[in-house]
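Single-letter residue listing:
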Amino acid sequence: MNRDTLYEFNSRTGRITINHDECLACESHACVKACKQYGSGILKIESGKPILSITREEAEKGGCVECLSCEYECWFKGRKAIVIDLPLTINL
Ligand code: SF4
Ligand code: SF4
């Protein structure tokens, strides 16, 4: 994976990574549709690639609601380009 093509931003508790290399060949742009339908509608397509339509700071302050819809839809309808890391806290 070419790190130069990775687009990353933080959510309140995690980190979203999009491999833009894959997006240029994607026809569905399912991530943006999923974010609009199930999330907070913070993704847009620019030059064939999904990016934030808000600032990174806004995304981290809760603009991204960590619904995981973009990752899920990309894996099934896109090109498996999104990975969301959300650390799990287990209270024992
Ligand atoms: S659905 Fe996946 S591959 Fe397609 S534009 Fe979105 S992130 Fe890229
Ligand atoms: S996790 Fe949800 S709110 Fe955050 S970018 Fe993905 S679809 Fe949008």
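Described below are features of the structure shown in this document. Quick caveat: nothing in here was measured; it's all calculated off a predicted structure.

**A few points about the overall build of the protein chain**
Thinking step 1. From N to C terminus, the protein chain includes four helices and five strands.
Thinking step 2. Relative to the 2.2 N^0.38 estimate, which gives 12 Å for 92 residues, the radius of gyration of the protein chain is 13 Å and therefore close to what a compact globule would have.
Thinking step 3. Principal-axis analysis of the C-alpha atoms places the extent of the protein chain at approximately 45 × 25 × 25 Å.
Thinking step 4. Relative to its 92 residues, the protein chain shows a buried fraction of 38%.
Thinking step 5. Of the contacts formed within the protein chain by residues at least 6 apart in sequence, a portion of 55% connects residues at least 24 apart.
Thinking step 6. Here the protein chain holds 12 positive side-chain charges and 13 negative ones, and the gap between their average locations is 3 Å.

**Side note on empty space enclosed by the protein**
The gaps of empty space that remain are located by a probe, the size of a water molecule, rolled over the atoms.
Thinking step 1. Counting across every chain of the model gives two cavities of 30 Å³ or more.
Thinking step 2. The space that makes up the largest cavity amounts to roughly 110 Å³.
Thinking step 3. Considered class by class, the residues forming the lining of the largest cavity number 11 nonpolar, two polar and one charged.
Thinking step 4. Every residue lining the second largest cavity is counted, 14 residues in all, and those nearest its centre are Cys-23, Cys-26, Cys-31, Cys-74 and Ala-81.
Thinking step 5. Here the lining of the second largest cavity is built from residues that sort into nine nonpolar, three polar and two charged.

Parameters and conventions
Residues numbered from 1 in each chain as written. Chains lettered and ligands numbered in written order. Predicted model: local features only at pLDDT ≥ 70, side-chain atom pairs only at ≥ 80, totals over all residues. Heavy atoms only, no water. Helix = DSSP H or I, 4+ residues; strand = E, 2+ residues; numbered from the N terminus. Rg over C-alpha atoms; globule rule 2.2 N^0.38 Å. Buried < 20%, exposed > 50% of the residue type's maximum accessible area, 1.4 Å probe, protein only. Contact = heavy atoms within 4.5 Å. Lys, Arg positive; Asp, Glu negative; His and termini not counted. Charge placed at Lys NZ, Arg CZ, Asp CG, Glu CD. 1 Å grid on protein atoms, 1.4 Å probe; cavity = no way out; pocket = protein on both sides within 12 Å on 5 of 7 lines; lining within 4 Å. Points joined across faces, edges and corners; volume = space filled by probe spheres on them. Nonpolar A, V, L, I, M, F, W, Y, C, P; charged D, E, K, R; others polar.

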